[in-house]
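Here's the letter readout for the chains.
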Amino acid sequence: MEKKDTRSGFGDGLYELGLKNENVVGLCADLTGSLKMNKFENEFPKRFFQMGIAEANMISMAAGLATAGKIPFTGTFANFSTGRVYDQIRQSIAYSDKNVKICASHAGLTLGEDGATHQILEDIGLMKMLPGMTVINPCDYNQTKAATLAIADHQGPVYLRFGRPKWPVFTEENTFEIGKALHLRQGSDVTIFATGHLVWNSLEAAKALAEEGISAEVINIHTIKPLDNKAILDAAAKTQCVVTAEEHQMNGGLGDSICQLLSRYNPLPVEMVAVDDSFGESGTPEELLEKYGLGIKDVIAAAKRAISRK
Amino acid sequence: MTRSTSELNEYVAQTRRDIVRMVHGVQSGHPGGSLGCTEFLTVLYQNVLRHNPAKFTMEGQNEDVFILSNGHISPVYYSALAHSGYFPKSELATFRKLNTRLQGHPTTHEGLPGVRIASGSLGQGLSVACGIAQAKKLNKDEKLVYVLMGDGELQEGQIWEAVMYASHNKIDNIIATVDVNGRQIDGDTKDIMGFTDLRSKFEAFNWNVITMEGNSLDDVQDTLSKAAVLSGNDKPICILMNTEMGNGVDFMMGSHEWHGIAPNDEQLEAALAQNPSTIGDY
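Being a predicted model, the structure only gives us computed values, none of them experimental.

Moving on, we come to the overall build of chain B. In terms of helices and strands, chain B carries 10 helices and seven strands. Relative to the compact-globule value of 19 Å for 282 residues, chain B shows a C-alpha radius of gyration of 18 Å, a close match. Principal axes of the C-alpha set define a box for chain B whose edges measure 50 × 45 × 35 Å. In chain B, which comprises 282 residues, the share counted as buried stands at 58%. Long-range contacts, defined here as pairs at least 24 residues apart, represent 76% of the contacts in chain B between residues at least 6 apart. For chain B, the accessible surface area stands at approximately 10,500 Å², while carbon and sulfur atoms represent 47% of it.

Turning next to helix H10 (residues 254-265) of chain A. Residue and element names in this part refer to chain A. Spanning 12 residues, H10 covers 17 Å between terminal C-alpha atoms, matching the ideal 16 Å at 1.5 Å per step. By the burial criterion, the buried members of H10 are Leu254, Gly255, Ser257, Ile258, Leu261 and Leu262. End-on, the buried residues of H10 take up no more than an arc of 160 degrees, which puts them together on one face. Of the surrounding elements, those touching the buried residues of H10 are helix H6 (123-128), strand S10 (190-194), strand S12 (223-225), helix H9 (229-239), strand S13 (242-249) and strand S14 (270-275).

In this structure the tally under the stated criterion is 27 salt bridges over all chains. The salt bridge involving A:Asp123 is made with A:Arg161; its shortest N-O contact spans 2.8 Å. Here A:Arg161 lies in strand S7 (residues 158-161) and A:Asp123 lies in helix H6, a separation of 38 residues in the sequence. Between A:Glu204 and A:Lys207 there is a salt bridge; the shortest N-O distance is 3.1 Å. Of this pair, A:Glu204 and A:Lys207 both sit in helix H8 (residues 198-211), three residues apart, roughly one helical turn. One salt-bridge network, held together by shared partners, links B:Arg183, B:Asp188, B:Lys190, B:Asp191 and B:Glu244.

What follows deals with the pairing of strand S6 (residues 208-213) of chain B. All names here are of chain B. As defined by bridge partners, S6 adjoins strand S7 (residues 237-242) across six bridges and the pair is classed as parallel. In the sheet register, Asn208 faces S7, and the bridge partner there is Ile237. This β-α-β element, S6 to helix H9 (residues 217-230) to S7, shows right-handed connectivity.

Our focus in this paragraph is empty space enclosed by the protein. All names here are of chain A. Overall, the coordinates contain five cavities of 30 Å³ or more when judged by the stated rule. In this structure, the largest cavity is lined by Thr6, Ala107, Asn137, Pro138, Arg161, Phe162, Gly163, Gly196, His197 and Glu247. For the lining of the largest cavity, the residue count by class is three nonpolar, five polar and two charged. For the lining of the largest cavity, the domains that each give at least three residues are domain 1 (3-168) and domain 2 (182-304).

Time to look at the domain arrangement of chain A. Residues and elements named next belong to chain A. In terms of domains, chain A is made up of domain 1 (3-168) and domain 2 (182-304). Relative to domain 2, the C-alpha centre of domain 1 lies at a distance of 25 Å. Facing the 33 residues of domain 1 at the interface are 33 residues of domain 2. Together, the buried faces of domain 1 and domain 2 total about 2,600 Å²; carbon and sulfur atoms form 59% of this surface.

What follows deals with the environment of B:Asn242. Residue and element names in this part refer to chain B. Structurally, the position occupied by Asn242 is in strand S7. Asn242 gets classed as partly exposed once you look at its relative accessible area, which sits at 31%. Between the C-alpha atom of Asn242 and that of Tyr146, which follows or precedes it by 96 residues, the distance is 17 Å. Ignoring anything within four residues of it in the chain, the contact list for Asn242 reads Val180, Met212, Glu213, Gly214 and Asn215.

So, about the interface of chain B and chain A. On the chain A side, the residues contacting the 27 residues of chain B number 26 residues. Here chain B packs against chain A, burying approximately 2,100 Å² in sum over the two surfaces, 56% of which is carbon and sulfur. Seen at the junction of chain B and chain A, the total is zero salt bridges. Counting the contacts that link chain B with chain A gives 15 residue pairs in polar contact (both at pLDDT 80 or more). Within the residue set of the side of chain B that touches chain A, elements represented by two or more residues are helix H5 (125-138) and helix H6 (157-168) of chain B. The element contributing the most residues to the side of chain B that touches chain A is H5(B), with eight residues.

This part covers the packing of aromatic side chains. Taken as a whole, this structure holds 15 aromatic pairs over all chains when the rule is applied. Taken together, the aromatic side chains of B:Tyr45, B:Phe56, B:Phe66, B:Tyr77, B:Tyr78, B:Tyr86 and B:Phe95 make up a single cluster linked through ring pairs. If you follow A:Lys39 out to its NZ or CZ, it ends over the ring of A:Tyr15, 5.1 Å from the centre. The residue whose ring lies beneath B:Arg21 is B:Tyr282, and the NZ or CZ to ring-centre distance is 4.2 Å.

Here we take up the side chain of A:Thr6. Along the chain, A:Thr6 falls in helix H1 (residues 6-20). Those residues in contact with A:Thr6 that sit more than four places away from it in its chain are A:Cys139, A:Asp140, A:Tyr141, A:Thr144, A:Phe162, A:Gly163, A:Pro165 and A:His197.

This part takes up the sheet that holds S13(A). All names here are of chain A. Strand order in the open sheet formed by five strands is S9-S11-S10-S13-S14, and the pairing between neighbours is mixed. Two strands lie at the open edges of the sheet, namely strand S9 (182-185) and S14, each paired on one side alone. Going across the sheet, the axis of each strand differs from the next one's by a mean of 25 degrees, ignoring polarity. Where S13 lies against S14, five bridges are found, and the strand directions are parallel. Bridge pairing in S14 places Gln249 opposite Val275. Contacts from H9 reach S10, strand S11 (216-220) and S13 within the one sheet, and its direction differs from that of S10 by about 150 degrees.

Attention now goes to the packing of helix H1 (residues 5-26) of chain B against helix H10 (residues 265-273) of chain B. Residue and element names in this part refer to chain B. Look at H1 against H10: their axes get within 10 Å of each other, and the N-to-C directions meet at 170 degrees. Classed by the angle they form, the pair H1 and H10 counts as roughly antiparallel. Seen from H1, the contacting residues are Arg17, Val20, Arg21 and His24; seen from H10, they are Asp265, Leu268, Ala271 and Leu272. Class assignment of the residues belonging to the contact of H1 with H10 gives a composition of four nonpolar, one polar and three charged.

Our next topic: the environment of A:Glu172. Residues and elements named next belong to chain A. Relative to the helices and strands, Glu172 resides in the loop between strand S8 (166-168) and S9. Under the relative-accessibility criterion, Glu172 is labelled exposed at 58%. Here the alpha-carbon distance between Glu172 and Ala194, two residues 22 residues apart in the chain, equals 17 Å.

Here A:Leu19 shows up in helix H1. Here the alpha-carbon distance between A:Leu19 and A:Glu271, two residues 252 residues apart in the chain, equals 44 Å.

Parameters at a glance
- Residues numbered from 1 in each chain as written.
- Chains lettered and ligands numbered in written order.
- Predicted model: local features only at pLDDT ≥ 70, side-chain atom pairs only at ≥ 80, totals over all residues.
- Heavy atoms only, no water.
- Helix = DSSP H or I, 4+ residues; strand = E, 2+ residues; numbered from the N terminus.
- Rg over C-alpha atoms; globule rule 2.2 N^0.38 Å.
- Buried < 20%, exposed > 50% of the residue type's maximum accessible area, 1.4 Å probe, protein only.
- Contact = heavy atoms within 4.5 Å.
- Areas by Shrake-Rupley, 256 points an atom, 1.4 Å probe, with all protein chains shown as cover.
- Expected span 1.5 Å × (residues − 1).
- Arc of directions from axis to C-beta.
- Salt bridge = Lys/Arg side-chain N within 4 Å of Asp/Glu carboxyl O.
- Pairing = 2+ DSSP bridges.
- Right-handed = clockwise from strand over helix to strand, strands pointing away.
- 1 Å grid on protein atoms, 1.4 Å probe; cavity = no way out; pocket = protein on both sides within 12 Å on 5 of 7 lines; lining within 4 Å.
- Points joined across faces, edges and corners; volume = space filled by probe spheres on them.
- Nonpolar A, V, L, I, M, F, W, Y, C, P; charged D, E, K, R; others polar.
- Domains from an automatic or database assignment.
- Buried area = accessible area lost by both parts, 1.4 Å probe.
- Polar contact = N/O pair within 3.5 Å; in protein donor to acceptor, adjacent residues only side chain to side chain.
- Phe/Tyr/Trp six-rings, centres within 6.5 Å; stacked < 30°, edge-to-face > 60°.
- Lys NZ or Arg CZ within 6 Å of the ring centre and 35° of its normal.
- Axes fitted to C-alpha atoms, helices over the stretch in contact; angles between N-to-C directions.
- Parallel < 35°, antiparallel > 145°, perpendicular 65-115°, else oblique.

Given below as structure tokens:
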């Protein structure tokens, strides 16, 4: 299977947006190559703003550009896109309802060797708590590119989270719609709701479970906010038990959102594949996913636990 | 329409009355910095800004735009907006009350015409102004972006990110005014975190720096005219505006004490006696 990094999906999507929408502008805090924003920069130099290593200024300046009618896409690592600039996002973008797209690469453990200073695992939680913020974590190159294109047409602030490693490309093009869950595999014994890189691990887990006679459904929740409540409740009602899988802290992530939903409308067994209140460390993406309990075998084990609790 | 100096003086006195009445009315808010910036905001809104208060648009295309970075001086800001026609003066009576558009700190959230960004958490306004200024350049819109910051606010690191950005990128359509009143909540700025010689700091970042006596109506008018002429010359413009916190109300001047407290009934009467009504109370 072809592998591509999700950040390239962002870079290619942004370039396409540049061609078709002259209001789209790009801002980057000294990570143009890492964010794959070079093509946009080279083709549209007047609409690209090199901000230097000054993320707070970048976020508030994006709010100013949006005030004047532009559609700014900011680019830096997920850590510097969220925690470092939380107050700027809260006041100048979310509370001020500015049409800014905060595009964040190198999220989660799969950043790899740079270690915990850069491996943010709290960003989904930080962003989803802000009123009015849309939060999207695509699962592969195609979906990241499609999401980049889609958020330009969405009026309001968006947090778009993607990553560094080359990862299997398995979704079809043109299957992305903000807020609409994507059914990737049908099943009747357990539903796995997954986001980001963990969607692939969940599909692999479902394949392995099938060999053991367990029928696992895999649903890609790329939009964590607003959550596709109906798709989640319908699927859970059918299989009667749930696994959530994400490259994020258990606190504040996708699993947390799904537990809130199910506890209110249909309390069912939920098992969460996520980082359990811990920082990451240096290592390869594969090593880290395994050590922190986000590997394929962890999804398989969670599915069996969930089924046993029915 | 250009207002005469005597008309401007009437607006200044009325705005000072508005400020103390608004803050007294809810027993909260920030009168000190508001009073000190009364001449500046009056001249800016009555005579300088090329804007269209009757038809407010968020984008402000082909208009001069003002961003208030030190959002706590909302009383003077709201009074200036009301007196230039963004919303009815009567709405000043709702300041800081439940369901008001005149929140404690300015916001776009309640749809108050004239406000383009929320401010209150300090240090963000100059960056926002840089964004609007860049958009104006992209749009070939030759109008200007004005921004006001407090001198204490300059202790926020983000300000200096924006100062660096603006000069490096030749953002010469920004006129950034610093309210140099020398006071902040906990005391005098020179004691809390002093800046020796602000002029040299901005000049070191390659800004064009001019000074202004902010409580002299004539000097505010002259200097703002001069600043507009300096725009378009590859350098951002900084006005260091010397003011007296609490100006116009004798017992509020001379210390930081009136940064963020409200007058009682007796103090209100004394303040109003020093600023008789001119164009009518809200």
